[in-house]
Amino acid sequence: MPGVPQNSWVVCSVLHQLLRHQRATSLKLFSGILCRGEDKQGELLASFELMLKDGEELPMLPPTRGEHYMVPFGVRPLLQRTRIEVLCWGVRNMATFELQSVTRPSIEFECGGERVTSPIMTNLRLNPNFDKPHLVFDVELPKEELYMPPLTLRVVDHRAFGNKPVVATAVVNDLHQYTVEPRATRRKRKGKKTTLILRDSVPATLLPSLDSKSTKDKVLLQADQGFPRPTLNHHQASVEPGTVDTEIDWWAKYYVSCGQADRAGAYFTKGYEKLEVLMGPLEDETAFSGFKDLVDTVPLVRGRGDQAQNAGEFKGTFRVYPLSTEDPEELPLILAGFPSPERQEVTVRVYVVLGQDLAPKDAGGSSDPYVVVKLGKTTKTSKDNYRPNTINPLFGEVFEVSGTLPIHKDLVVQVWDRDLITSDDLIGETTIDLENRFLTRHRATVGLPLQYHVSGANMWRDMELPTEILTKGARLRNLEGPIWHAQPLSLTLAGDTYSLTDFELEDKVRPPTLGDSRERLALYVLHKALPLVPEHVENRVLMHPAHPGLPQGQLKLWIDLFPASSQPLPPPVDITPRQAHKYMLRVVVYNVYEAPLQETSFIGGEMMSDVYVKGWLQGTSNVQKTDIHHRCLDGEANFNWRLVYNLEMLEAEQVMIVEHKEHPWSLHTTQQRRPPQLTLQLWDSDLIASDDYLSETTLDLCRLPKPARSVRGVGPSQVPQMMGDGDANSVAITMLDDHTNSINLFEAKRVNGFFPFTRVVEGRTEIAGKIELELEVISEKDAKLRPAGQGRDEPNMNPKLPEPNRPATSFLWITSPWKSFRHVIWKNYKWYCITLVVLVLLFLFLFLFLYSLPGATIDYLIGVD
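Since the structure is predicted, the reported quantities are computational estimates derived from the model, not experimental observations.

Chemist: Any details on the overall build of the protein chain? Residues and values, ideally.
Modeler: Of the regular secondary structure elements, the protein chain holds ten helices and 40 strands. Counting only residues that meet the buried cut, the protein chain has 46% of its 865 residues in that class. For the protein chain, the share of sequence-separated contacts (at least 6 apart) that also reach a separation of at least 24 residues comes to 67%. Accessible surface for the protein chain amounts to roughly 46,200 Å². Of this, 54% is attributable to carbon and sulfur atoms.

Chemist: Go over the sheet that holds strand β24 (residues 496–499), please, and point to the residues and values.
Modeler: Two pairing modes exist for strands in a sheet, parallel and antiparallel, and in both the strands are linked by backbone hydrogen bonds. As summarised here, the arrangement of the three strands in space is β22-β23-β24, forming an open sheet in which the pairing is antiparallel. Each edge of the open sheet is held by one strand with a lone partner, namely β22 (483–485) and β24. Averaged over all adjacent pairs, the angle separating strand axes in this sheet is 25°, with direction ignored. Strand direction decides the pairing type here: β22 and strand β23 (residues 490–493), joined by three bridges, are antiparallel.

Chemist: Describe the packing of aromatic side chains, listing the residues and the values that go with them.
Modeler: Per the counting criterion, the structure on display carries 21 aromatic pairs. Look at Phe847 and Tyr851: their rings are 6.2 Å apart centre to centre, the planes differ by 20°, and that puts the pair in the stacked class. With Phe847 and Tyr851 both in helix α10 (residues 817–862) and four residues apart, this pair spans about one turn of that helix. Within the aromatic cluster, the residues linked to one another by ring pairs are Trp250, Trp251, Tyr254, Tyr255, Tyr351 and Trp558. Over the ring of Phe268 we find Lys274, and its NZ or CZ is 5.1 Å from the ring centre. Over the aromatic face of Trp484 sits the side chain of Arg518, whose NZ or CZ is 5.0 Å from the ring centroid.

Chemist: Which residues make up unusual backbone geometry, and what values go with them?
Modeler: Here the amide bond leading from Gln487 into Pro488 is cis, since omega sits at -10°, within 30 degrees of zero. Relative to the elements of secondary structure, Pro488 occurs in the loop between β22 and β23. The linkage connecting Asn798 with the following residue, Pro799, adopts the cis geometry, with an omega of -5°. Take Pro799: it is sitting in the loop between α9 (780–785) and α10. Even without being glycine, Asn798 reaches a positive phi, approximately 60°. Examined against the element boundaries, Asn798 turns out to sit in the loop between α9 and α10. For Asn798, a relative accessible area of 23% puts it in the partly exposed group.

Chemist: With reference to specific residues and values, describe the pattern of salt bridges.
Modeler: The tally for this structure, following the rule as stated, stands at 42 salt bridges. The partner of Lys315 in a salt bridge is Asp433, with the nearest N and O atoms 2.5 Å apart. Linking Lys315 in strand β15 (residues 309–322) with Asp433 in strand β21 (residues 425–433), this pair joins segments that are 118 residues apart in sequence. Here the two residues Lys315 and Asp433 agree in accessibility, since each one is buried. Across the salt bridge formed by Arg443 and Asp462, the nearest N and O atoms sit 2.9 Å from each other. Here the residue Arg443 occupies a position in the loop between α5 (434–439) and α6 (466–476), and Asp462 occupies one in the loop between α5 and α6, the gap between them amounting to 19 residues. Look at Asp462 and you get buried, because its relative accessible area is 8%. Ionic contacts of the salt-bridge type, sharing partners, join the residues Asp249, Arg263, Arg578, Glu653 and Arg673 into one network.

Chemist: Go over the environment of Asp627, please, and point to the residues and values.
Modeler: Along the chain, Asp627 falls in the loop between β30 (624–625) and β31 (629–632). Sequence-wise, Asp627 and Phe639 are twelve residues apart; in three dimensions their C-alpha atoms are separated by 7.0 Å. Setting aside chain neighbours within four positions, we find Asp627 in contact with Val611, Tyr612, Phe639, Trp641, Arg792 and Arg806. Within the structure, the side chain of Asp627 is placed 3.1 Å from the side chain of Arg792, a separation counted as a polar contact.

Chemist: Please give an account of the packing of α6 against helix α7 (residues 517–529) that cites residues and values.
Modeler: Between α6 and α7, whose axes approach to 8 Å, the crossing angle comes to 40°. With respect to each other, α6 and α7 are oriented oblique. Handedness of the crossing formed by α6 with α7: left-handed. Counted together, Pro466, Thr467, Ile469 and Leu470 of α6 and Arg518, Glu519, Ala522, Leu523, Val525 and Leu526 of α7 form the full contact between these two elements.

Chemist: Explain the sheet that holds strand β13 (residues 276–277) to me, and be specific about the residues and the numbers.
Modeler: Overall, mixed pairing links the five strands, which are arranged β13-β25-β26-β16-β19 in an open sheet. Single-partner strands in this sheet number two, and they are β13 and β19 (394–405). Each of β13, β16 (344–356), β19, β25 (536–541) and β26 (554–563) touches helix α4 (residues 250–257); the most contacted strand, β16, lies at about 65° to it.

Chemist: Tell me about α4, residues and numbers included.
Modeler: Owing to its 3.6 residues per turn, the α-helix brings residues three or four apart onto one side. Buried residues dominate α4, accounting for eight of its eight residues. For α4, the set of buried residues is Trp250, Trp251, Ala252, Lys253, Tyr254, Tyr255, Val256 and Ser257. The elements touched by buried residues of α4 are β13, β16, β19, β25, β26 and β34 (670–674). Downstream of α4 by a residue or two, Gly259 has a phi angle that is positive, lying close to 85°.

Chemist: Give me the nonpolar core: which residues, what numbers.
Modeler: By size, the foremost hydrophobic cluster in this structure holds 36 residues, and its most contacted members are Leu585, Val587, Val592, Leu678, Ile771 and Leu773. In this structure, Phe130, Leu300, Ala311 and Phe314 belong to the second largest nonpolar core, which totals 34 residues.

Chemist: Can you explain the pairing of β15? Please cite residues and give values.
Modeler: In regular strands, side chains alternate between the two faces of the sheet. Of all 14 residues in β15, ten are buried; the element is thus mostly enclosed. Sheet topology places strand β7 (residues 79–92) next to β15; ten bridges connect them, and they run antiparallel. Residue Val86 lies in a different strand from β15, and its bridge partner there is Phe318. Two strands pair when backbone bridges link them, and strand β14 (residues 296–302) and β15 are joined in this way by seven bridges, in the antiparallel orientation.

Chemist: Any chance you could break down the environment of Leu521 for me, citing the residues and the numbers?
Modeler: With respect to the secondary-structure elements, Leu521 resides in helix α7. Taking the relative accessible area as the measure of exposure, Leu521 reaches 0% and is therefore buried. On a C-alpha basis, the gap between Leu521 and Leu491 in space is 8.2 Å, while along the polypeptide they are 30 residues apart.

Chemist: Before we move on, can you summarise the environment of Leu434 with the specific residues and values?
Modeler: Take Leu434: it is sitting in helix α5. Considering only alpha carbons, one finds Leu434 and His408, 26 residues apart in sequence, at a separation of 8.3 Å. Excluding its chain neighbours within four sequence positions, the residues that come into contact with Leu434 are Val348, Leu375, Leu405, His408, Lys409, Leu411, Ile559 and Leu561.

Chemist: Describe the side chain of His544, naming the residues involved and giving the relevant values.
Modeler: By the element assignment, His544 lies in the loop between β25 and β26. The exposure class assigned to His544 is buried, which follows from its relative accessible area of 16%. Polar contacts involving the side chain of His544 include one to the main-chain carbonyl oxygen of Leu426, which spans 3.3 Å.

Chemist: Account for the side chain of His442, with residues named and values stated.
Modeler: Along the chain, His442 falls in the loop between α5 and α6. One polar contact links the side chain of His442 to the main-chain carbonyl oxygen of Pro531, over a distance of 2.8 Å. The residues contacting His442, other than those within four sequence positions of it, are Ala287, Phe288, Phe291, Asp293, Arg477, Pro531, Leu532 and Val533.

Calculation rules
- Residues numbered from 1 in each chain as written.
- Predicted model: local features only at pLDDT ≥ 70, side-chain atom pairs only at ≥ 80, totals over all residues.
- Heavy atoms only, no water.
- Helix = DSSP H or I, 4+ residues; strand = E, 2+ residues; numbered from the N terminus.
- Buried < 20%, exposed > 50% of the residue type's maximum accessible area, 1.4 Å probe, protein only.
- Contact = heavy atoms within 4.5 Å.
- Areas by Shrake-Rupley, 256 points an atom, 1.4 Å probe, with all protein chains shown as cover.
- Pairing = 2+ DSSP bridges.
- Axes fitted to C-alpha atoms, helices over the stretch in contact; angles between N-to-C directions.
- Phe/Tyr/Trp six-rings, centres within 6.5 Å; stacked < 30°, edge-to-face > 60°.
- Lys NZ or Arg CZ within 6 Å of the ring centre and 35° of its normal.
- Salt bridge = Lys/Arg side-chain N within 4 Å of Asp/Glu carboxyl O.
- Polar contact = N/O pair within 3.5 Å; in protein donor to acceptor, adjacent residues only side chain to side chain.
- Parallel < 35°, antiparallel > 145°, perpendicular 65-115°, else oblique.
- Left-handed = near helix turned anticlockwise from the far one by under 90°.
- Core = buried A, V, L, I, M, F, W, Y, C linked by side-chain atoms within 4.5 Å.

Next up, the structure:
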């Protein structure tokens, strides 16, 4: 076959004819792909027949044409006159040919032996679009779409001295995907004749990418008077109370949409809407078909087989449909409504939300990522605001760049790793085709939110109001309307009537920032009736040119695309990452009751413990201890000791920011988000051996169990894992499923009462001590106004902590020998001590008597006075 490389093969099925005098009346055509190894080399359309040779005469051969047999009519596909419309929009990213740039290309289209050639482009550098992109030619094609031959594209560059080299080619094998129903058949199926207005192009006012003052005036005339364009901001809201909900930010909207309502506060309960968080790129959504409704992208190559190289891209599309026998001279109308191919100045806002699972570039298994955005020759970077030591950075960056379509159609978003000494490393990049989004009828320029707000974090950010968008969308799709009705407020579009009560139920909570009811209704109808792009965050895979096919991480972002206009652009969405607020946590340990008695006194034999409390915020290294209550004999220990901790808190997400260095040689700290959990442990102090663990409690400061008002009130109700069968593997008492009985310390500011200490014994949780606490959290500013020292140090105030009233038996024996004798030895061995003293005195008397008796006897015998 011509054009097919040698040594190509395909696996075919053969019709095996066993009967001698019977022949198949119709043979099925076989369509197969010719391959060399695993590479596709072409396609084969053929039919095979295998007959048994048993000495009888074979059936007559088909007639010949020259040296070749003609294909029988039973095998040859039925042909019909078919029209192919080509929207030859332009070429992009053309590679040089013979060391010269391609400047004046034209494209030749061939299918079924028929050809059509586009006009010559004036200058590819100034405008890579063709001035007259609409081409039409008729060809005889098979009725069955599967048997359609491929469409071949040849790009010819018109150079000086009549040189016309073919600089690139492409083959559209699946031409049947562009097959549509002819207009005559469609009108017959609908059962009515419609007068069609012929036109060369759709007016610019019908395109979502272009603006026109006359169109706007017409929209407002039809819609009476719409709500004025939103101009409120947060500064005005401080003067006009109620226009902005300061507790709501964009991140609350994002977290609610991701299913993380615990990080969104009261966002959803106040009636605010969600946005779409896509699993992949926006163009991969099935509802939008890659934004190929107007133009498609066909890669151009140079060379054949393994030697083929990328030579550029063809922008355009095709429509294939059979010509009507009733009206064979029907004019081409399907692709006639194309927009103007002139250049368009645009402004692009790129909202980079966060990165996930980025490829590490540093030796420690992390990176210092930052974002670079490129459009044409414009480059914006956040190198000075990089995120240290992370592969899951939270960017929250907005980049605004300008360019000219279609010259600057590819928006490149890169993520780099910042290095201090060596050059920065590219982690990965993703490319977004702005032209397809700009031209599509799905209006991918600015995503439509579900609600119309005039202030706050969800303020309307489009240059056109919903009523304007609805009117243009209806005209673009030849829909009747919209027709507005005043009482009650409703509108009719394409025969369907919509009212505001259909979308806003009376018992549903509505945010205070909603705008005019007419705009709200128009926005609801846009989502209901037209397939437009909603407000979204897309997930794009980062790739590296040196590692094709190997993902380097993911990037969550979205873009807003604005055409050049005399009107000022709306303010960008504030997606700055939430900033942590500094707090001081003050924990006053008053008393401990029913502490486990761990040791036995070697003198008195009584059970005792040298009790102290150790506490820290989980994830931090600031571990503090109370003083020691020595010789706790009855389980009651007194402290009056203050533990002071500094923390940075994100109240909306109920997490605290913890910073630490992963390695001693690390230049930057690594941030972690952890729940604010306070761990308090009860220990028994030993002078020589290591201290003995007794029990502990872990309190989540955002979900504190209600403290008991007395020691007797402490029980299993404060320890969820003790309810039921009592099985447990943790001593934490804070992770309550029912948050209705919990206390948020950052809202209550101060909590005091009694909490249980717990421990796990043989897989069962038991209470092992009770602690009397006062928990207080104050801001950094209030901490300076109300100072308090650690322990009982100065300034000992807020509240003032006196020395604990400990019993006289509480002392360290090695530093208080007299107290040790009095309270330990004398108390337990008093009579033994008295007896010992008497015996010692008697022994001394007897010793002195016996010692002086011999001398006194001799003096007496010799008469010495």
